[in-house]
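Now for the letters of each chain:
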Amino acid sequence: MPSVTDVVDYLIRKGVDFCDARLESRGTLRIEVVNSEIRAISSNEQRGLAIRVLINGVWGYASTTRLDKESIREAAEKAFKAAKVLAERAGRKKILLNSIVRTEEAKPRILIHPWEVPLSEKLDVLFSINKVQKEYSEKIVNVTTNYHERIDHYELANSLGSLLVWDEIRLSVSSASIAREAGKMQYSFMRKSGTRGFELLKELNPEEGRKVSEEAVKLLSAKKPPAGYLTVIADPSVAGVLAHEVMGHASEADEVIKKRSFLTGIIGERVGSELVTMVDDGTLNGAYGSIPFDSEGTPSSRTVIINKGVYTSYLHSLETASLMRVEPTGNGRAQDFNRRVFVRMTNTFFEPGEWSFDEIISDTKEGLLALKSIGGMEDPVGGGFQTTVLMGYIIKNGELTDLVRGFTLSGKALEILKTVDAVSKEFRLEGGHCGKGEEDYVPVSIGGPYMRAKMLVGGG
Amino acid sequence: MGIDLHELSDYALEISKADQTEVFSIKATMRNYYIDDGVVTIGTDNTWVGVGVKSIIKKKIGYFSKTIHKKREVEGIVEKSLEIAKTSPSDEKFTSLPSPEKISGNVEGVYDENTAQADPGEIVENLVTFLESAQREGVKVMNGFLRISVFEFVVKNSLGVDFSHKGTLVYLFATAKKEMGEGIIKRFSTSLKGINYQEAGEDLFERTKLASSARAFKGVKEVDAIIAPMEAAGILSVIPTAASGELINRRASPWINKLGQEIASKDLTVIDDGRLPGGLRSALADDEGVPTTKKPIIESGILKNYLFDTYNAGIAGTKSTGNGFRRGVTSIEDAHTRPVSCEASNVIIQAGNKDLQDLISETDEGVLIYKFAYPQVDPISGNFGLEVRNAVLIENGSAETAIKHAILAGNIYTALRNISGLGKQQYFIENFLVPYIRFSKLQLVGL
């Protein structure tokens, strides 16, 4: 099989402005335990070569899973031809990419490689959590526990001279319990994940499964949440959605360059209270979104997006950094060899503050504690925040009172951030997968502290 | 690509030492043409062959899949699948892989040779038509893509199932911006010519222009909500989810023991049709080689059928309904990596007899919603609170004021009983064929 540098050398000889070749191998294992029985054990391996060619500001991509010389040559020709055909019609200017050139090999910082752990040991952990979930109450009608491991190997070369080899290892375990009573159904869930080895599962207390079932049962008798413009204490998952979906996606420089982002031209302006500092950091040890290099070979970095309420930086790929004449930030990422590289986040979060959680609650006369975000959606144009949460508590005179069932939080992000008046020391990151425009999923984490702000509440 | 899927599958079955073996293999090409800032800036061309092997040894099940580049690699796939099966606990609920059944009839409009062979120039021409139609009066297309997937899959098992199918899928997605307003459109077809690029561009222009004039909604009120097909398909995806034989077996569906009972308005009929002409999931058989069928999930408000693959049908003591799927509809990439699960084939929400203007003029106090942030509904409780991003308020039968920044709240299982109008024209949205739908008695919450 030709090496990634052979492909790059071949394309350089054809005459390109820039090119790179990225060989990806991915191995995954998924296990699903349902009601104390195995529902599925499936494993997948995929290997493919992604080739990119840049000519006059336009990209041609091709990929192949056939790695013989002829197939790779064919893919390189397809990428070259696509760039040529599109460049003739697009009428764009040449872009000179400024890549950090290096030759390096990076290994993941883990303790126990998942491939060294027998399947039976993985199953034992899952069964023990699943059992605790199920045994909590007769009202629990369904319990699911999932395990997912993903081992990636990358080799990348580009026409500027970089040659990189690196591995990424990710694990996650999640649980969900469904409770049923008198025709009503509710559920709860938990998820632990990271760029970590099997030590992640060894540290997991199966009793966390009990909490999941307990929440599902409690939600059966939860009250209807209030609606309106309310004081909300967002938990780290909700704060993370605000950081990632609204402020984060709008900070992706590809959206800024074409003026799709509501944050276009906002560097140096105040966008939140002094308590608000927001960061994208791909270097965090163990976080699910951490990467040694992005899909273009740029080392990951820590980018302070908002510093004490003042907007400071966008996130960049090689192309956007070149167009905006700044350094790339290591945020050019692709789902896999079949998908394009564009600006994506890594670990995106608000920094913790100085309040304790208890202090924030006792300081709140009337409000709503929002717990466990179950998703949100980007709005880089309008800057609208939206997330649905699983549950919450009404706060009255500094105390948590009634449990309420799921509701939706909404509002204009910039207005919400300006109302932030308390930020906790307690801080948490949660791993997951981010899509941009409803697809192109990459591993990320989101999070932050507990944050108090004003938001629109509805649903439930 | 020079790999014969039939030969490869036969070889895998021949060398497998399992009690039962199933081989799913797929050969696919996916081409994407991305639009950025009003220009087609990226062209991609990806090809792959993927194989998934399920092995069963004394009710122990193993599944392993891999992308391959030569036939002999299936040896490793079979070996790993057997290894997983051997180390798995036995699944006493497993009965058998499907036995072969006679597959007859035909299915139209699933593969288009012209689409499979289209050259980049022709594809870009379609996008140019689309862009010219959408971009005027300050409206600019920000993001988008036209995706063409061409695939052939073969599924065989050791009991004699032998089915193959080839198809083409086309997906156009685009967002456009004018001032602070954003419009979004999606179009689905099984051929390039099945999409009207001029019309799609005009629709995007209209959606964007409307969004740019929207004001934040204020207050709280009960409304009748007319939901456009693109979003109705999203929230109505709870129907095949709640009817999934897998969720029924797990007792995780609110529709357990409700066959024959009224669960929706009598105006609602929902059909699962595996052979719908032009349907994105249409084929003579499902992804485990069981013949597809046409059957009502809901008929005049009555729950009529659950959807089963072979595994879950075995648990429930019934037959597969031809609803074992692993293929996606917006992209075909991961089909071989996923074991089969109970999913809808093509979902037809039966049309009503009203055009959109009728639905609007009959509504005293309501909202016409073109776009939510994301049409996500909790399938367990049915609760939803959806952020409205592109909508028009209706007052006394007239839709005039564009709004945004509001939450539409309710419970989908209650809302299904409160359907008060269905449009007469249906639209393909992924594997749904769906009209405009009016739900009564929902709550609209603003600032």
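Quick caveat: nothing in here was measured; it's all calculated off a predicted structure. (Residues numbered from 1 in each chain as written. Chains lettered and ligands numbered in written order. Predicted model: local features only at pLDDT ≥ 70, side-chain atom pairs only at ≥ 80, totals over all residues. Heavy atoms only, no water.)

### Topic: the overall build of chain B
The helix and strand inventory of chain B stands at 11 helices and 22 strands. A compact globule built from 447 residues would reach a C-alpha radius of gyration of about 22 Å, and chain B, at 23 Å, matches this within 12%. With the C-alpha coordinates aligned to their principal axes, the bounding extent of chain B is approximately 70 × 55 × 40 Å. Put simply, chain B has 447 residues, and 65% of those count as buried. (Helix = DSSP H or I, 4+ residues; strand = E, 2+ residues; numbered from the N terminus. Rg over C-alpha atoms; globule rule 2.2 N^0.38 Å. Buried < 20%, exposed > 50% of the residue type's maximum accessible area, 1.4 Å probe, protein only.)

### Digging into helix H1 (residues 4-14) of chain A
Residue and element names in this part refer to chain A. Val4, Val7, Val8, Tyr10 and Leu11 are the residues of H1 that are buried. Take H1 and look down its axis: the buried residues cluster within an arc of 160°, on one side only. The elements touched by buried residues of H1 are strand E1 (18-34), strand E2 (37-55), helix H2 (69-90), strand E5 (140-158) and strand E6 (163-181). Phi for glycine 15, located one or two positions after H1, is positive at around 95°. (Arc of directions from axis to C-beta. Contact = heavy atoms within 4.5 Å.)

### Points about empty space enclosed by the protein
Over the atoms rolls a probe the size of a water molecule, and in doing so it shows where empty space is left. Here the structure, examined in full by the defined rule, presents 8 cavities of 30 Å³ or more. Computed from the structure, the largest cavity encloses a volume of approximately 310 Å³. The set of elements that each furnish at least two residues to the lining of the largest cavity consists of strand E5 (162-178), strand E6 (181-189), strand E15 (365-372) and strand E16 (383-395) of chain B. Roughly 110 Å³ of internal volume is contained in the second largest cavity. Lining of the second largest cavity is provided by 14 residues; of these, A:Tyr154, A:Glu168, A:Ser295, A:Arg333 and A:Ala334 occupy positions nearest its centre. At the level of secondary structure, the elements contributing two or more residues to the lining of the second largest cavity comprise E5, E6 and strand E19 (439-458) of chain A. (1 Å grid on protein atoms, 1.4 Å probe; cavity = no way out; pocket = protein on both sides within 12 Å on 5 of 7 lines; lining within 4 Å. Points joined across faces, edges and corners; volume = space filled by probe spheres on them.)

### Observations regarding the interface of chain A and chain B
Taken residue by residue, the interface counts 78 residues in chain A and 85 residues in chain B. Run the count over chain A and chain B and you get 13 salt bridges. For A:Asp379, the salt bridge goes to B:Arg389, with nearest N and O atoms at 3.8 Å. At the boundary of chain A with chain B, the tally comes to 35 residue pairs in polar contact (both at pLDDT 80 or more). With 10 residues, E2(A) is the largest single contributor of residues to the side of chain A that touches chain B. Of the residues assigned to the side of chain A that touches chain B, the class counts are 29 nonpolar, 26 polar and 23 charged. (Salt bridge = Lys/Arg side-chain N within 4 Å of Asp/Glu carboxyl O. Polar contact = N/O pair within 3.5 Å; in protein donor to acceptor, adjacent residues only side chain to side chain. Nonpolar A, V, L, I, M, F, W, Y, C, P; charged D, E, K, R; others polar.)

### Observations regarding the packing of H1(A) against H2(A)
Residues and elements named next belong to chain A. Two elements in contact, H1 and H2, have axes whose closest approach is 11 Å; the angle formed by their N-to-C orientations is 40°. As far as their axial angle goes, H2 and H1 are oblique. Seen from above, H1 lies across H2 with right-handed handedness. Residue-level contacts link Val7, Tyr10, Leu11 and Lys14 of H1 to Ile72, Arg73, Ala76, Glu77 and Phe80 of H2. Counted by class, the contact of H1 with H2 contains 6 nonpolar, no polar and 3 charged residues. (Axes fitted to C-alpha atoms, helices over the stretch in contact; angles between N-to-C directions. Parallel < 35°, antiparallel > 145°, perpendicular 65-115°, else oblique. Left-handed = near helix turned anticlockwise from the far one by under 90°.)

### Considering the packing of aromatic side chains
Tallied over the entire structure, the rule returns 17 aromatic pairs over all chains. Three or more aromatic residues joined by ring pairs form one cluster here, namely B:Tyr34, B:Phe145, B:Tyr171, B:Phe173 and B:Phe188. In this structure, A:Lys14 packs its charged tip against the face of A:Phe80, placed 4.6 Å from the ring centre. It is A:Arg170 that lies over the ring of A:Tyr288; its NZ or CZ is 5.7 Å from the centre. (Phe/Tyr/Trp six-rings, centres within 6.5 Å; stacked < 30°, edge-to-face > 60°. Lys NZ or Arg CZ within 6 Å of the ring centre and 35° of its normal.)

### Some points on the pattern of salt bridges
One pass over the structure, following the stated rule, counts 70 salt bridges over all chains. A:Arg428 serves as the salt-bridge partner of A:Asp235, at 3.9 Å between the closest nitrogen and oxygen. Taken together, the positions of A:Asp235 in the loop between strand E8 (228-234) and helix H6 (236-250) and A:Arg428 in strand E18 (residues 422-436) put the pair 193 residues apart, joining distant regions of the chain. Classification of A:Asp235 as buried rests on a relative accessible area of 2%. Two residues, B:Lys156 and B:Asp10, come together in a salt bridge whose shortest N-O distance is 2.9 Å.

### Re the pairing of strand E3 (residues 60-67) of chain B
Residues and elements named next belong to chain B. Counting buried residues along E3, 6 of its 8 residues qualify, which places the element largely inside the surrounding structure. Where strand E2 (residues 39-57) lies against E3, 8 bridges are found, and the strand directions are antiparallel. Of the residues in E3, the one forming a bridge with serine 55 is glycine 62. Connecting E2 to the antiparallel partner E3 that follows it, the hairpin turn spans 2 residues, and lysine 58 within it adopts a positive phi of roughly 45°. (Pairing = 2+ DSSP bridges.)

### A short note on the environment of A:Ile360
All names here are of chain A. By the secondary structure assignment, isoleucine 360 is in helix H9 (residues 357-362). In this structure isoleucine 360 comes out as buried when scored by relative accessible area, which is 0%. Distance from isoleucine 360 to arginine 452, taken between C-alpha atoms, is 7.6 Å for residues 92 residues apart in sequence. With residues near it in sequence (within four places) discarded, isoleucine 360 still touches Ile233, Trp355, Ala422, Val423, Ser424, Tyr450 and Arg452.

### Structural notes on the layout of surface pockets
Its volume calculated, the second largest pocket comes out at about 750 Å³. In this structure, the second largest pocket is lined by 39 residues; those nearest its centre are A:Arg92, A:Ile257, A:Glu319, A:Leu323 and B:Asp36. Those elements that provide at least two residues to the lining of the second largest pocket are strand E3 (58-64), helix H7 (253-257), helix H8 (318-324), strand E13 (342-343) and E19 of chain A together with strand E1 (20-36), E2 and strand E4 (140-157) of chain B. Top contributing element to the lining of the second largest pocket by residue count: H8(A), with 4 residues. Of the residues belonging to the lining of the second largest pocket, the class tally is 13 nonpolar, 8 polar and 18 charged.

### Let's talk about the sheet that holds strand E11 (residues 302-303) of chain B
All names here are of chain B. Ordered in space as E11-E10-E9-E14-E21-E20, the 6 strands form an open sheet in which the pairing is mixed. Of all the strands in the sheet, the pair left with one neighbour each is E11 and strand E20 (427-429). Of the strand pairs in this sheet, strand E9 (residues 270-273) and strand E14 (residues 347-349) are connected by 3 bridges, and their pairing is antiparallel. Along E14, the bridge assignment pairs aspartate 272 with valine 347.

### What about helix H2 (residues 74-87) of chain B?
With 14 residues, H2(B) should reach 20 Å at 1.5 Å per residue; the first-to-last C-alpha distance of 20 Å fits that figure. Residues of H2(B) that are buried: B:Val74, B:Ile77, B:Val78, B:Ser81, B:Leu82, B:Ile84 and B:Ala85. Seen end-on, H2(B) carries its buried residues on one side only, within an arc spanning 160°. More than 90 degrees from the buried face of H2(B), the exposed residues found are B:Glu79 and B:Lys86. Here the buried face of H2(B) lies against E2 and helix H3 (119-135) of chain A together with helix H1 (5-15), E2 and E3 of chain B. (Expected span 1.5 Å × (residues − 1).)

### A word on the confidence of the model for chain B
Summing up the model confidence of chain B, the mean pLDDT is 95 and the portion of residues at 70 or higher is 100%. Across the interfaces of the predicted complex, the ipTM metric reaches 0.87, alongside a pTM of 0.92. (pLDDT = per-residue confidence, 0-100.)

### Quick notes on the side chain of B:Asp309
Structurally, B:Asp309 can be placed in the loop between E11 and helix H9 (310-316). Of the polar contacts made by the side chain of B:Asp309, one reaches the backbone nitrogen of B:Asn312; its length is 2.9 Å. If we skip the residues at most four places from it in the chain, B:Asp309 touches A:Arg39, B:Glu288, B:Ser320, B:Asn323, B:Gly324, B:Val340, B:Ser341 and B:Cys342.

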